[in-house]
Amino acid sequence: ADNADQFVEELETLVESGIRKLIVDCARLSYISSYGVSILVRLRSKLASRGGEVKLASVKSSIVKLLEIADLDKVFGIYPGLDEALHAFNLERREV
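Residue numbering note: each chain is counted from 1, following its sequence as written. Residue-level local features of this predicted model are given only where pLDDT is at least 70; pairs of side-chain atoms are given and counted only at 80 or more, and the full residue set underlies all totals for whole chains, interfaces and linings. Values shown for side chains rest on all heavy atoms present in the structure; no hydrogens or waters enter the calculation.

With that out of the way, let us pick up the pattern of salt bridges. A carboxyl oxygen of Asp or Glu within 4 Å of a side-chain nitrogen of Lys or Arg is what we treat as a salt bridge. A complete count under the given rule lists three salt bridges for this structure. For the salt bridge of Arg 50 with Glu 16, the shortest nitrogen-to-oxygen distance reads 3.5 Å. Linking Arg 50 in the loop between helix H2 (34-48) and strand E2 (53-57) with Glu 16 in helix H1 (residues 2-16), this pair joins segments that are 34 residues apart in sequence. Here Lys 74 makes a salt bridge to Asp 71, at a shortest N to O gap of 2.9 Å. Lys 74 sits in the exposed class, given a relative accessible area of 65%. For Asp 71, a relative accessible area of 42% translates into the label partly exposed. Every helix listed is a DSSP run of H or I at least four residues long, and every strand listed is a run of E at least two residues long, numbered separately from the N terminus. Burial here depends on accessible area, computed with a 1.4 Å probe over protein chains only, as a share of the maximum for the residue type. Under 20% is buried, over 50% is exposed, and the range in between is partly exposed.

Shown next as structure tokens:
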């Protein structure tokens, strides 16, 4: 729980500082609890209300399956790696 609490605090600090585009690197994440999923959903909602977006990078297949079951794969951009997620943000910026 300490890691989750620290993660939430860091995310809230970033959002409050005005950041609008965020990539969550999930490379070291082998499991996500319902609390962890709710953190991501709240983060996405908070950023979306400010015109921002969250992308998930390096998500293990078991977690992708969980996100698909919850239909959250349609809410988050899920990318195989950081480079792909960053590239997706760059493409979006050019389209605007």
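The next subject is the packing of aromatic side chains. Two rings belonging to Phe, Tyr or Trp (six-membered ring only in the last case) form a pair when the distance between their centres is within 6.5 Å. Interplanar angles under 30 degrees mark stacking, angles over 60 mark edge-to-face geometry, and anything in between is tilted. Under the definition given, this model contains zero aromatic pairs. Over the aromatic face of Phe 89 sits the side chain of Lys 55, whose NZ or CZ is 4.7 Å from the ring centroid. Should the NZ of a Lys or the CZ of an Arg lie within 6 Å of a ring centre and within 35 degrees of the ring normal, that charge is described as sitting over the ring.

So, about the pairing of E2. Of all five residues in E2, four are buried; the element is thus mostly enclosed. Here, any two strands with at least 2 DSSP bridges between them count as paired. With five bridges connecting them, strand E1 (residues 21-25) and E2 associate as parallel partners. Looking at the pairing, Val 24 lines up with Leu 56 of E2. Seen with the strands pointing away from the viewer, any crossover whose path from the first strand over the helix to the second strand runs clockwise is right-handed. Once the chain exits E1 it traverses H2 before rejoining the sheet at E2, and the crossover so formed is right-handed. Here E2 pairs with strand E3 (residues 77-79) via three bridges, running parallel. Bridge pairing in E3 links Lys 55 to Gly 77. The parallel pair E2 and E3 is bridged by helix H3 (residues 61-69), and the resulting crossover is right-handed.

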